[in-house]
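The primary structure of each chain is shown beneath.
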Amino acid sequence: MEVLASRVLLRPTDLDRSRAFYRDTLKLPIFREFATPGGMGTVFFIGGGYLEVSGHADAPSAEGIELWLQVRDLAATRRELEGVRVLREPRREPWGLIEMWIADPDGVRICVVEVPDDHPMRRRD
């Protein structure tokens, strides 16, 4: 299978509330917006992929859905996210990444990650 593009699809319980969270709180850049019968859908750019927030769900997404978003400076990002539901404050994990866990309005868990300069993911050996 040759994948040309990809995106994660989220169907929130409150479309406007979730769109505002990803747009205004996380400040994700908008790739495109489109009209749907249930309201405006939005596709956000998330690094090497996309996050589409559109449609409606009667219940929050399954507990197994999580997002992983890498940032340059987690301490600065944490300061920017004042008021966001923080599930776990930033800390360096045994595998070397600095991670903070937050949640969107429906409880979707989001891991915000900084890859330190000394981490193997940064090596180009």
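Residues numbered from 1 in each chain as written. Predicted model: local features only at pLDDT ≥ 70, side-chain atom pairs only at ≥ 80, totals over all residues. Heavy atoms only, no water.

Some thoughts on the nonpolar core
Counting residues in each nonpolar core, the largest one holds 20 residues, and the members touching the most others are Tyr22, Leu26, Leu28, Leu51, Ile102 and Ile110. Not counting residues up to four positions away in its chain, the partners in contact with Leu51 are Val8, Leu10, Tyr22, Leu28, Thr42, Val43, Phe44, Ile46 and Leu67. Counting residues in each nonpolar core, the second largest holds 5 residues, with Leu97, Cys111, Val113 and Val115 among its members. (Core = buried A, V, L, I, M, F, W, Y, C linked by side-chain atoms within 4.5 Å. Buried < 20%, exposed > 50% of the residue type's maximum accessible area, 1.4 Å probe, protein only. Contact = heavy atoms within 4.5 Å.)

What about the sheet that holds strand 8 (residues 109-114)?
Ordered in space as 5-8-7-6, the 4 strands form an open sheet in which the pairing is mixed. Two strands bound the open sheet, and with one partner strand each, they are strand 5 (66-71) and strand 6 (86-92). Adjacent strand axes in the sheet meet at a mean angle of 15 degrees when their direction is disregarded. In this sheet, strand 7 (residues 98-103) lies alongside strand 6 in antiparallel orientation, the contact comprising 4 bridges. (Pairing = 2+ DSSP bridges. Helix = DSSP H or I, 4+ residues; strand = E, 2+ residues; numbered from the N terminus. Axes fitted to C-alpha atoms, helices over the stretch in contact; angles between N-to-C directions.)

Here we look at the sheet that holds strand 3 (residues 39-46)
The sheet built from 4 strands is open, its strands ordered 1-4-3-2 with mixed pairing. Each of the sheet's edge strands pairs with one partner strand only, and the pair in question is strand 1 (7-10) and strand 2 (30-36). When strand polarity is set aside, the average angle formed by the axes of neighbouring strands in this sheet is 20 degrees. Sheet strands in contact with helix 1 (residues 15-25) are strand 1, strand 2, strand 3 and strand 4 (49-53), and its direction is about 25 degrees off that of strand 3.

Observations regarding the pairing of strand 7
Burial within strand 7 is extensive, with 5 of its 6 residues counted as buried. Linking two consecutive strands that pair antiparallel, namely strand 6 and strand 7, is a turn of 5 residues; a positive phi of about 95 degrees is found at Gly96 within it. Adjacent in sequence and paired antiparallel, strand 7 and strand 8 are bridged by 5 residues, among which Gly107 carries a positive phi angle near 90 degrees.

Here we look at the pattern of salt bridges
Two side chains with opposite charge may pair up if their charged atoms get near one another. On inspection of all chains with the given rule, the structure shows 10 salt bridges. With a closest N to O distance of 2.7 Å, Glu52 and Arg7 form a salt bridge. Within this pair, whereas Glu52 is found in strand 4, its partner Arg7 is found in strand 1, the two being separated by 45 residues in sequence. Exposure remark for Arg7: the relative accessible area of 36% places this residue in the partly exposed category. Two residues, Glu52 and Arg11, come together in a salt bridge whose shortest N-O distance is 3.5 Å. With Glu52 in strand 4 and Arg11 in the loop between strand 1 and helix 1, this pair connects stretches of sequence that are 41 residues apart. Among the residues examined, Arg11 registers a relative accessible area of 33% and is labelled partly exposed. Here the salt bridges share partners, and the residues they tie into one network are Arg7, Arg11 and Glu52. (Salt bridge = Lys/Arg side-chain N within 4 Å of Asp/Glu carboxyl O.)

Quick notes on the side chain of Glu114
Along the chain, Glu114 turns up in strand 8. For Glu114, a relative accessible area of 17% puts it in the buried group. Separated by 2.9 Å, the side chain of Glu114 and the backbone nitrogen of Leu74 make a polar contact. In this structure, Glu114 is in contact with Val71, Arg72, Asp73, Leu74, Ala75, Leu97 and Ile98, ignoring residues within four places of it in sequence. (Polar contact = N/O pair within 3.5 Å; in protein donor to acceptor, adjacent residues only side chain to side chain.)

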